[in-house]
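The primary structure of each chain is shown beneath.
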Amino acid sequence: MDTLTKLLQLASPALPVGAYSYSEGLETLVHSGVIHNVDALEHWIIQELNYGAVRLEAAMMLRSYRATLNQEFDRVLEWNQWFTAARETEELRSQSLQMGGSLLRLFRALYPEPIPNFPDGCNFAIAFGLVAALWEIEESSALLAYLHSWATNLVSAGVKLIPLGQTSGQKLLLKLGEEMGKSTIADLSDDELETCGWGFAIASMSHETLYSRLFRS
């Protein structure tokens, strides 16, 4: 299997890691009326891409990727612990660890390459970078695939929750693709590993007590 095929499989919405069951606070925002149409959804996702938690997630993915390429698995474990501590809410931490654990179990079943054990669980971004490196996927392609997979999941959630038409969702994904191409995440230094998304964290915390829920976060 060539690297392009592996990349498509890793980024596929059909990857059985449970991403479809999470909205990352979007359900709360729709419920409260903050996000009510495609323009509001576009604005929210772009803000998250430029300043929010996914920026930090993708940076962690790249650090896992680079450390794996250098066979520095102790660094992979260190970044995993750092990122677990950096998660804003219990729901987001649980989501990250559940998806990461699912990806590692799947990878071990598909590929006999030895990988380190994560006694306290593995975050999805860390697992994604680890697998991408072991599958010899090019770094910029891995980053774009990670961001596109994240955006696809949020747009799909928005299509269901707002609701939006499928065509509106696809148009939005095209716009988001342009924004992803401008990303400077790959150039972030360790001192720049930060996020600015209070609304995101509050939406996630509020979701825990939402009366009626379709999604797990």
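First, a word on what this report is: a plain description of the structure on this page. (Residues numbered from 1 in each chain as written. Predicted model: local features only at pLDDT ≥ 70, side-chain atom pairs only at ≥ 80, totals over all residues. Heavy atoms only, no water.)

**Side note on a negative patch on the surface**
Applicable threshold: Only residues above 30% relative accessible area that lack a salt bridge enter a patch, with like-charged residues linked at up to 9 Å and the nonpolar side chains Val, Leu, Ile, Met, Phe, Trp and Tyr linked at up to 5 Å. Residue-level accessible areas treat just the shown protein chains as cover; the underlying method is Shrake-Rupley with a 1.4 Å probe. Put simply, a salt bridge is a Lys or Arg side-chain nitrogen that is within 4 Å of an Asp or Glu carboxyl oxygen. In this count, Lys and Arg are taken as positive residues and Asp and Glu as negative ones, while His and the chain termini are left out. All charge positions are set by atom: Lys at NZ, Arg at CZ, Asp at CG, Glu at CD. Helix and strand assignments follow DSSP, with helices taken as H or I runs no shorter than four residues and strands as E runs no shorter than two, numbered in order from the N terminus.
A contiguous patch of negative charge, built from Asp187, Asp191, Glu192 and Glu194, is present on the exposed surface. One can find Asp187 in the loop between α9 (166–181) and α10 (198–207).

**Details of empty space enclosed by the protein**
What counts, and what does not: Cavities and pockets are defined on a 1 Å grid built over the protein atoms alone: a cavity is a set of grid points where a 1.4 Å probe fits but cannot escape, while a pocket is an open set with protein on both sides within 12 Å along at least five of seven lines, and lining residues are those with an atom within 4 Å of any such point. Grid points are joined across faces, edges and corners, and a volume is the space filled by probe spheres set on the points. Under the convention adopted here, Pro, Cys and the residues Ala, Val, Leu, Ile, Met, Phe, Trp and Tyr are nonpolar, Asp, Glu, Lys and Arg are charged, and Gly plus all remaining residues are polar.
All chains considered together, the criterion is met by two cavities of 30 Å³ or more. Elements supplying a minimum of two residues to the lining of the largest cavity: α1 (3–11) and α6 (90–110). When residues of the lining of the largest cavity are assigned to their parent elements, the largest contribution, four residues, is made by α6. Contributing to the lining of the second largest cavity are Glu24, Trp44, Glu48, Val54, Trp150, Leu154 and Phe200. When contributions to the lining of the second largest cavity are tallied by element, the ones reaching two or more residues are α3 (38–51) and α8 (139–161). Its residues assigned to classes, the lining of the second largest cavity comprises five nonpolar, no polar and two charged.

**Some points on the packing of helix α4 (residues 53–69) against α8**
Rule in force here: Simply put, an axis is a line fit to the C-alpha atoms, just over the touching stretch for a helix, and the angle between two N-to-C directions goes from 0 to 180 degrees. Crossing handedness is read from the near helix: turned anticlockwise from the far helix by less than a right angle, it gives a left-handed crossing, and turned clockwise, a right-handed one. Contacts were defined at the residue level, with two residues in contact if any of their heavy atoms lie within 4.5 Å.
In contact at an axis separation of 10 Å, α4 and α8 are set at 145 degrees when each is read in the N-to-C sense. Along this stretch, α4 crosses α8, giving a crossing that reads as right-handed. Within the contact between the two elements, α4 uses Val54, Glu57, Ala58, Met61, Leu62, Tyr65 and Arg66 and α8 uses Glu139, Ala142, Leu143, Tyr146, Leu147 and Trp150. Split into classes, the residues belonging to the contact of α4 with α8 amount to 10 nonpolar, no polar and three charged.

**Side note on the pattern of salt bridges**
For the record, the criterion: Any residue under 20% of the maximum accessible area for its type is buried, any over 50% is exposed, and the rest in between are partly exposed; the area is computed with a 1.4 Å probe on protein chains only.
Applying the stated criterion across every chain, the model contains seven salt bridges. Measuring nitrogen to oxygen at the nearest pair gives 3.5 Å for the salt bridge that ties Arg87 to Glu57. Of the two residues, Arg87 is situated in the loop between α5 (73–86) and α6 and Glu57 in helix α4; the sequence distance between them amounts to 30 residues. This pair shows no difference in class: Arg87 is buried, exactly as Glu57 is. For Glu179, the salt bridge goes to Lys182, with nearest N and O atoms at 3.6 Å. You can call Lys182 exposed: its relative accessible area is 59%. Residues joined by salt bridges that share partners form a network here, namely Glu57, Arg87 and Glu88.

Nothing here speaks to function; it is geometry throughout.
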